[in-house]
Amino acid sequence: MDSFKVKGPSRLEGEVSISRAKNSCLPLMAGTLLCQNPVGLKSLPNLRDIRTMKKLMSGFGVKLQDDQFHCDDIHNTYAPYELVKTMRASVLVLGPLLSRFGEAKVSLPGGCAIGTRPVDLHLDGLKKLGAEINVEGGYIYAKAKRLKGAKIDLMFPSVGATENLLMAAVFAEGETIISNAAREPEVVDLGNFLNQAFEDLKIAGLGTSTLKIQGISQNSKNKEIIYTPIPDRIEAATFIIAGVMTNSFLSIKDCDKAHLGSVTNALQMSHANLKIHDSVIEVMPRNKELTGFNLRTTPYPYFPTDVQAQFMALATMINDTSIISEEIFENRFMHVPELNRMGADIRLNNQTAVIVGGKRLKGAPVMCTDLRASAALVLAAMIADGETNIQRVYHLDRGYDGFEKKLTSLGCEIQRVNLSARAQA
Ligand code: EPZ
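Given the structure is predicted, the values throughout are model-derived calculations rather than measurements.

Turning our eyes to something else, we now look at the sheet that holds strand β21 (residues 352–356). The sheet built from four strands is open, its strands ordered β18-β19-β21-β20 with mixed pairing. Both edges of this open sheet fall to β18 (294–296) and β20 (346–349), since each of them pairs with a single strand only. Neighbour-to-neighbour, the strand axes of this sheet turn through a mean angle of 15 degrees, independent of strand direction. One ladder, built from four bridges, connects β20 with β21; its direction is antiparallel. Along β21, the bridge assignment pairs Leu-348 with Ala-353. Each of β18, β19 (321–325), β20 and β21 touches helix α10 (residues 308–315); the most contacted strand, β19, lies at about 170 degrees to it.

The structure is reproduced here in structure tokens:
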């Protein structure tokens, strides 16, 4: 298992290019299952989760050449537990497989570090579309000769449920309306891809909480398009925060300012010195002391839960008290004990963290627990005095493409240590 060795404190300098969004690429890959003709997804990042999704799709019979997906010869619609348990987003294959082939057997994704992560909203929505759904022995058995358009009111604007139901509605007969739909840019990206791939498909309302989908016939053929996913707003946010924390000159390129409003607003409210262009965010050394913040994670377009841990690392260095409430996931504070091991003063009260910042952090051995918590530990290690050894970085490899290489190019002293190789030496 690899770990990172980080020497702090760091000053960063230079520019970094943001990769394509993991949380867009995964649903887009699932969306190619609807396509009988080849379709391309450009610049897919080299991430563990992307590789897992490719493995899952090859198991259905999908042929992959570079980033071209050939889904003309799918011979099974079975998503096994061995793969699905390693990546929850695998459940996104359910909607397209059911819509195109009329059946699917997909393992329940199970929970993960940050929460139980149920899929009840996905399954209730598919039932509304006329699917017969049975859950047995840890598997979802879904059947429907042809889905029928329906009105679906989501109890919560679930990103995954919106994406699954959006894909299921493509070959459903008639109109489907999804209300209280998720408004995340990644949902919009999926809808844009489907509208471009299928000439006579009409998905309206993307980016709003009401989606209207006019279904098309099950043997509709897609156009052979090559689609470029949106940039990763969470990776961009992580690097912006790195620049603010190390008080550096940093230029974050190939991002989209339209997806980062709640993040850049929160940072500027705390006196971070940012210059915001369409696809470049510049961080500059601040001319005012940073002040604390009071944030609550909320569905897009408000403050994203995927940046909560990174903001907590930032809060530890602000000479003020900050409050963060995690309203989306029930167990997304596992980075707190690790940050406290480095000398942070963070107290938890149920879903609320109170961070008394200002004390300098000290390097220490710490453990990654989930993807975004891992990023927060790297950020903290960059402002800590001395060396931090960050273990189990496989969590981070799920969602950040070449993270330590990008940081090294900016002047951070970070090294990947392959513990297993070291153990063999
Ligand atoms: C997506 O997960 C992202 N993952 C997550 O990013 C992100 O944190 C999350 O959306 C919220 O923005 C991908 O896109 C691959 P949800 P998803 O369904 O779709 C509850 C990262 O770090 N819920 O919006 O699983 C659920 O338990 C990852 O990149 C139900 O109760 O999120 C959670 O409390 C982490 N029933 C809340 O809704 C359901 O059927 C939000 O979940 C579905 C969800």
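Inspection of the secondary structure puts Asn-273 in strand β16 (residues 273–276). A distance of 3.0 Å separates the side chain of Asn-273 from the backbone oxygen of Pro-285, its partner in a polar contact. Excluding residues within four positions of it along the chain, Asn-273 makes contact with Glu-282, Val-283, Met-284, Pro-285, Arg-286 and Asn-287.

Here the focus is unusual backbone geometry. In this structure, the amide linkage connecting Gly-8 to the following residue, Pro-9, adopts the cis form with an omega of -5 degrees. In this fold, Pro-9 is placed in the loop between β1 (2–8) and β2 (13–17). Residue Pro-301 is reached from Tyr-300 by a cis peptide bond, and omega for that bond is 15 degrees. Mapping Pro-301 onto the fold places it in the loop between β18 and α10. The backbone phi angle of Ser-43 is positive, close to 55 degrees, even though this residue is not glycine. Inspection of the secondary structure puts Ser-43 in the loop between β3 (39–41) and α2 (48–60).

Here we take up the sheet that holds strand β10 (residues 151–153). The strands that make up a sheet pair up through hydrogen bonds in the backbone, lying either parallel or antiparallel. Spatial ordering of the open sheet is given by β10-β11-β13-β12, a layout of four strands whose pairing is mixed. This sheet does not close on itself; its edge strands, each paired only once, are β10 and β12 (202–204). Strand-to-strand, the axes of this sheet are offset by a mean angle of 10 degrees, without reference to chain direction. Sheet topology note: the β10/strand β11 (residues 175–179) ladder contains three bridges and is parallel.

The rules behind these values
Residues numbered from 1 in each chain as written. Predicted model: local features only at pLDDT ≥ 70, side-chain atom pairs only at ≥ 80, totals over all residues. Heavy atoms only, no water. Pairing = 2+ DSSP bridges. Helix = DSSP H or I, 4+ residues; strand = E, 2+ residues; numbered from the N terminus. Axes fitted to C-alpha atoms, helices over the stretch in contact; angles between N-to-C directions. Contact = heavy atoms within 4.5 Å. Polar contact = N/O pair within 3.5 Å; in protein donor to acceptor, adjacent residues only side chain to side chain.

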